[in-house]
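Letter by letter, the chains look like this.
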Amino acid sequence: MDVVAGSMGNFVLEELAKARCDTNKKFAFDNIFMSAADVRGDIFNLEEGQYIIDMLSSDANGKVYVFQNEHDTQLKFTTLKYPDYPLGSFGVPLLLSRRRPIPRLGLREEWSIIYMKDKVEYVQVTLDNVPNRFDVGAQHGYLFDDFAIKFYKDKCVGFGFTLMYNNRF
């Protein structure tokens, strides 16, 4: 089975991955699709990212596919409204530095992946993919657009997946 998470559904996915790690229930997915992911952009350099990777089935050659749209105004707003900063010594956020907040994962591949590169693949959403490119909702809610559905079908073992979108299943 595959899972598609959209927007804040990716936060639910992150929490699910943490909970899975803490229990004996070791379910797995063939592929994980993270669309317009409203989680920290450096998640795959953190323990939480490893928890998500660990949810991939060992029976399949699946990956975590991260859909990113650098024109996603909702994720730009979230980055500024609820900023995450790079961590300094002893895990203390660098709030006083001149460093900019870490952009949300769904915006762009700005943070390098050191340990999990072979399991995470970025999919760039361009203005050509988004039908109503100037519609703010379309810039963020493209997970059901034709190009995304085709991508899921091409990558899925069988085309049946669970959907997590805005905390609804």
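Look above for the structure.
Residues numbered from 1 in each chain as written. Predicted model: local features only at pLDDT ≥ 70, side-chain atom pairs only at ≥ 80, totals over all residues. Heavy atoms only, no water.

Colleague: What am I meant to see in the side chain of Asn10 here?
Modeller: Relative to the elements of secondary structure, Asn10 occurs in helix α1 (residues 9-22). Looking at Asn10, its side chain comes within polar contact range of the main-chain oxygen of Ser35, at 3.2 Å. Excluding residues within four positions of it along the chain, Asn10 makes contact with Ala5, Met34, Ser35, Ala36, Ala37, Asp38 and Val39. (Helix = DSSP H or I, 4+ residues; strand = E, 2+ residues; numbered from the N terminus. Polar contact = N/O pair within 3.5 Å; in protein donor to acceptor, adjacent residues only side chain to side chain. Contact = heavy atoms within 4.5 Å.)

Colleague: How should I be thinking about the packing of aromatic side chains in this particular structure?
Modeller: Under the criterion given, the structure shown has eight aromatic pairs. Between Phe33 and Tyr65 the ring centres are 5.4 Å apart and the planes differ by 15 degrees, which places this aromatic pair in the stacked class. Taken together, the positions of Phe33 in strand β2 (residues 32-35) and Tyr65 in strand β3 (residues 64-68) put the pair 32 residues apart, joining distant regions of the chain. You can call Phe33 buried: its relative accessible area is 0%. Measuring from ring centre to ring centre gives 6.3 Å for Phe33 and Phe151, while their planes differ by 85 degrees; the resulting arrangement is edge-to-face. Of the two residues, Phe33 is situated in strand β2 and Phe151 in helix α5 (residues 146-155); the sequence distance between them amounts to 118 residues. Put simply, the rings of Phe33, Tyr65, Phe67, Phe151 and Tyr152 pair up and form one aromatic cluster. A cation over a ring is seen here: Arg20 above Phe27, with NZ or CZ 5.7 Å from the ring centre. (Phe/Tyr/Trp six-rings, centres within 6.5 Å; stacked < 30°, edge-to-face > 60°. Buried < 20%, exposed > 50% of the residue type's maximum accessible area, 1.4 Å probe, protein only. Lys NZ or Arg CZ within 6 Å of the ring centre and 35° of its normal.)

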